[in-house]
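# Summary of structural features
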Amino acid sequence: MTEQPETLFNEQPEAPKPKAPGILEQIAGVFTDPVALFRRLNQTPTWGWALGTILVAAMALTLVWALKVDADEMLRPILERNPQITSAQIDTIIDMQKKFILPFSALGVIFGTPVGLALVGLFYWLIGKALPEGPAPTYTQAFTAAVVPGLVKLPGMLLIAIICLVRPIGGLTPDKVAPTSLGYFVHVDGLKLQALLYGLDLFYLAEAGLAFLALRHLLRMKTAGAVICVFLPLVAGLGLRLMGAK
């Protein structure tokens, strides 16, 4: 019989920790086998490379869009619908806004994206502690669950950037450039309803579905908690879109 190696005080050697999935495994996993990916991330939560990849892709998209968008065509209809702004002020406002579209959009990606994901992770963590299906999750697990499902949006970001590069986009915002939302195909008179249709985007809905799987298999959250965590941010996002439709 093979003898087991002796350790101090006859303790058994610790089992080696499983290796965390790399960024290529994470990208492939969200498209091919998300449940297996999230179960691995439950043991070895990691979010750094995923967050970095999302930020780089979002920044590239933002820069391409900001350099191609026609600020006048985008802003003038909005300003003309505001009764508090006179026609003499519109050109001045547009000229001023042109200078800030690129830097403000870039700052929104650099600071807004991580802060938003951190808040989502905090929300996941609190609900996970209240409705666990097993050990209570750590914040690292919750933040990983907030970040990694967003990798599914990478093809959509790439598609929008390519479209911006190869053809004029006029005054379209990024969510209206690519044929991935219901609003791209269905046009209605109401601005708020049209904004809602643009919010029904294939990649954002896929991210919501992956978030549910992450909450169930990465955080080990009860089904009711996972539904709450997916439904409330989705409704909040659509609500903000409706409020911003002018």
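To be clear, the structure that these remarks concern was listed above.
To start, this report covers the structure provided alongside it. Everything quoted here is computed from the prediction, not taken from an experiment.

## Quick word on the overall build of the protein
Looking only at helices and strands, one finds eleven helices and zero strands in the protein. The order of helices and strands in the protein, counted from the N terminus, is α-α-α-α-α-α-α-α-α-α-α. Its C-alpha radius of gyration of 22 Å places the protein more than 25% over the 18 Å reference for a compact globule of 246 residues. Judged by the C-alpha coordinates and their principal axes, the protein covers about 90 × 35 × 30 Å. A separation of at least 24 residues holds for 65% of the contacts in the protein among residues at least 6 apart in sequence. Accessible surface for the protein amounts to roughly 14400 Å². Of this, 67% is attributable to carbon and sulfur atoms.

## What about the packing of helix α3 (residues 48-68) against helix α5 (residues 87-130)?
Taken N-terminus to C-terminus, the directions of α3 and α5 make an angle of 160°; their axes are 9 Å apart at the nearest point. Judged by the inter-axis angle, α3 sits roughly antiparallel to α5. Between α3 and α5 lies a crossing of right-handed hand. Contacts between α3 and α5 involve Leu51, Leu55, Ala58, Met59, Thr62, Leu63, Trp65, Ala66 and Leu67 from the former and Ile101, Leu102, Ser105, Ala106, Val109, Ile110, Thr113, Pro114 and Leu117 from the latter.

## Concerning the nonpolar core
Phe38, Trp65, Tyr124, Val148, Leu151, Leu215 and Leu219 are the most contacted members of the largest nonpolar core, which has 57 residues in total. Per-element accounting of this core gives the leading share, ten residues, to α3. Beyond its immediate sequence surroundings of up to four residues, Leu215 is in contact with Tyr124, Arg220, Met221, Ala226, Cys229 and Val230.

## A few points about the packing of aromatic side chains
A ring pair, where both rings are aromatic, is described by two values, the distance of the centres and the angle of the planes. Summed over the entire model, instances satisfying the criterion amount to five aromatic pairs. With a centroid separation of 5.2 Å and an interplanar angle of 70°, the aromatic rings of Tyr184 and Phe185 are classed as edge-to-face.

## Considering the side chain of Gln26
Positionally, Gln26 belongs in helix α1 (residues 23-32). By relative accessible area, Gln26 is classed as buried at 2%. Residues in contact with Gln26, not counting those within four places in the same chain, are Pro21, Leu37, Thr46, Ala50, Val148 and Leu151.

## Remarks on the environment of Lys222
The residue Lys222 is located in the loop between α10 (202-217) and α11 (223-244) in this model. Judged by its relative accessible area of 40%, Lys222 falls in the partly exposed class. Between the C-alpha atoms of Lys222 and Ile23, which are 199 residues apart in sequence, the distance is 27 Å. Residues in contact with Lys222, not counting those within four places in the same chain, are Leu131, Pro132, Glu133 and Arg216.

## With respect to the pattern of salt bridges
Applying the stated criterion across every chain, the model contains five salt bridges. One salt bridge connects Asp72 with Arg76, and the closest N-O pair in it is separated by 2.8 Å. Pair noted here: Asp72 and Arg76 are both in helix α4 (residues 71-80), with a separation of four residues, about one helical turn. With a relative accessible area of 26%, Asp72 lands in the partly exposed category. Arg76 gets classed as partly exposed once you look at its relative accessible area, which sits at 23%. Across the salt bridge formed by Lys153 and Glu207, the nearest N and O atoms sit 3.4 Å from each other. Residue Lys153 is located in the loop between α6 (139-147) and α7 (154-166), and its partner Glu207 is located in helix α10; the two are separated by 54 residues in the primary sequence. Residue classification places Lys153 among the buried residues on the basis of a relative accessible area of 16%. What makes Glu207 buried here is its relative accessible area of 17%.

## Quick look at a nonpolar patch on the surface
Taken together, the side chains of Met96, Phe100, Phe104, Leu107, Ile110 and Phe111 make up a nonpolar region of the molecular surface, amounting to roughly 610 Å² of accessible area. The topology assignment puts Phe104 in helix α5.

## Considerations on the environment of Leu191
Looking at the element boundaries, Leu191 is found in helix α9 (residues 191-199). Placed 104 residues apart in sequence, Leu191 and Ser87 show a C-alpha to C-alpha distance of 22 Å.

## Overview of α1
Those residues of α1 lying buried are Ile23, Gln26, Gly29 and Val30. Along the axis of α1, the buried positions cluster into a sector of 120°, meaning they face one direction only. Exposed and facing more than 90 degrees away from the buried side of α1 are Leu24 and Thr32. In this structure, the buried residues of α1 make contact with α2 (34-43), α3 and α10.

Conventions and cut-offs
- Residues numbered from 1 in each chain as written.
- Predicted model: local features only at pLDDT ≥ 70, side-chain atom pairs only at ≥ 80, totals over all residues.
- Heavy atoms only, no water.
- Helix = DSSP H or I, 4+ residues; strand = E, 2+ residues; numbered from the N terminus.
- Rg over C-alpha atoms; globule rule 2.2 N^0.38 Å.
- Contact = heavy atoms within 4.5 Å.
- Areas by Shrake-Rupley, 256 points an atom, 1.4 Å probe, with all protein chains shown as cover.
- Axes fitted to C-alpha atoms, helices over the stretch in contact; angles between N-to-C directions.
- Parallel < 35°, antiparallel > 145°, perpendicular 65-115°, else oblique.
- Left-handed = near helix turned anticlockwise from the far one by under 90°.
- Core = buried A, V, L, I, M, F, W, Y, C linked by side-chain atoms within 4.5 Å.
- Buried < 20%, exposed > 50% of the residue type's maximum accessible area, 1.4 Å probe, protein only.
- Phe/Tyr/Trp six-rings, centres within 6.5 Å; stacked < 30°, edge-to-face > 60°.
- Salt bridge = Lys/Arg side-chain N within 4 Å of Asp/Glu carboxyl O.
- Patch = residues over 30% accessible without salt bridge, like charges linked within 9 Å, V, L, I, M, F, W, Y side chains within 5 Å.
- Arc of directions from axis to C-beta.

Function-wise, these values are silent; they only describe arrangement.
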